[in-house]
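Survey of secondary and tertiary structure
Below, each chain spelled out in residue letters.
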Amino acid sequence: AQSVTQLDSQVPVFEEAPVELRCNYSSSVSVYLFWYVQYPNQGLQLLLKYLSGSTLVKGINGFEAEFNKSQTSFHLRKPSVHISDTAEYFCAVSDWNTDKLIFGTGTRLQVFP
Amino acid sequence: ETGVTQSPTHLIKTRGQQVTLRCSSQSGHNTVSWYQQALGQGPQFIFQYYREEENGRGNFPPRFSGLQFPNYSSELNVNALELDDSALYLCASSLGRTNTGELFFGEGSRLTVL
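Residues numbered from 1 in each chain as written. Chains lettered and ligands numbered in written order. Predicted model: local features only at pLDDT ≥ 70, side-chain atom pairs only at ≥ 80, totals over all residues. Heavy atoms only, no water.

A word on the pairing of strand β5 (residues 31–38) of chain A. All names here are of chain A. Where burial is concerned, most of β5 is hidden: eight out of the eight residues are buried. The alternating pattern of β5 places V31, L33, W35 and V37 and Y32, F34, Y36 and Q38 on opposite faces, both of which are buried. Two strands pair when backbone bridges link them, and β5 and strand β6 (residues 44–50) are joined in this way by six bridges, in the antiparallel orientation. Bridged to F34 within β6 is K49. Connecting β5 to the antiparallel partner β6 that follows it, the hairpin turn spans five residues, and N41 within it adopts a positive phi of roughly 60°. (Buried < 20%, exposed > 50% of the residue type's maximum accessible area, 1.4 Å probe, protein only. Helix = DSSP H or I, 4+ residues; strand = E, 2+ residues; numbered from the N terminus. Pairing = 2+ DSSP bridges.)

So, about the pattern of salt bridges. One pass over the full model with this rule turns up nine salt bridges over all chains. For R57(B), the salt bridge goes to E54(B), with nearest N and O atoms at 3.5 Å. Take E54(B): its relative accessible area is 40%, and that puts it in the partly exposed class. Each of E20(A), E66(A) and R77(A) takes part in one network of salt bridges that share partners. (Salt bridge = Lys/Arg side-chain N within 4 Å of Asp/Glu carboxyl O.)

Right, let's talk about the environment of E64(A) for a bit. Residue and element names in this part refer to chain A. Residue position: E64 is located in strand β8 (residues 64–68). Taking the C-alpha atoms as reference, E64 lies 9.7 Å from E20; in sequence the two are 44 residues apart. Those residues within four positions of E64 in sequence are excluded, and the remaining contacts are L48, L56, V57, K58, H75, L76 and R77. (Contact = heavy atoms within 4.5 Å.)

Another point: the nonpolar core. Soluble globular proteins: nonpolar side chains tend toward being buried together. Formed by 28 residues in total, the largest nonpolar core has its most connected members in L33(A), W35(A), L47(A), L48(A), F74(A), L76(A) and Y89(A). Within the residue set of this core, elements represented by two or more residues are β2 (10–14), β3 (19–21), β5, β6, β8, β9 (73–78), β10 (87–95) and β12 (107–112) of chain A. The next biggest cluster of nonpolar side chains, apart from the first, holds 20 residues, and it includes C23(B), F60(B), V78(B) and L111(B). (Core = buried A, V, L, I, M, F, W, Y, C linked by side-chain atoms within 4.5 Å.)

The following block contains the structure:
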């Protein structure tokens, strides 16, 4: 069965600093990978997705992620964070055979002034 | 274009009771998925409905059931509530299959079971 591991439950960072949120997945078949963001008291919003092609994927709000098949990773990065990036970030995986997303447990990004 | 709306936003029930949660899809979307998000956890897939038919189910017991209506709105019903059912229930709509597409989530219904 597929699974997703988000290695950090919380990531504190100062404003304008770079950040990386880590995600590893386990799967033996082709996968589709996603990052979602959940702001307080809101639903999840898609940040970016990897389906195929270029391994570097750019998303909204200046975020990007790199698909690394050999390391089964899909880490999320932003070169300079803002206070407004404070939220919960979820990595998710699906494959061609199912219609459901498998989510990780989330990483809480806390940006300090 | 209206987004995904869920009702109620909060509710409290006691063990053994039944609950119905409602979801209105984003305009034009024909697929609805339901997820359970326990505190401190990621969302867990409950089931999906496509054009009024169940189209996949996660590892949840039969007391979790659902419906999708001709206008593509949806209900999640949970019978014989247990304390562990306390969670945020998220509805997500999409157009067609969701494995490559984008899910549009509502803000959720927070259920507390006492």
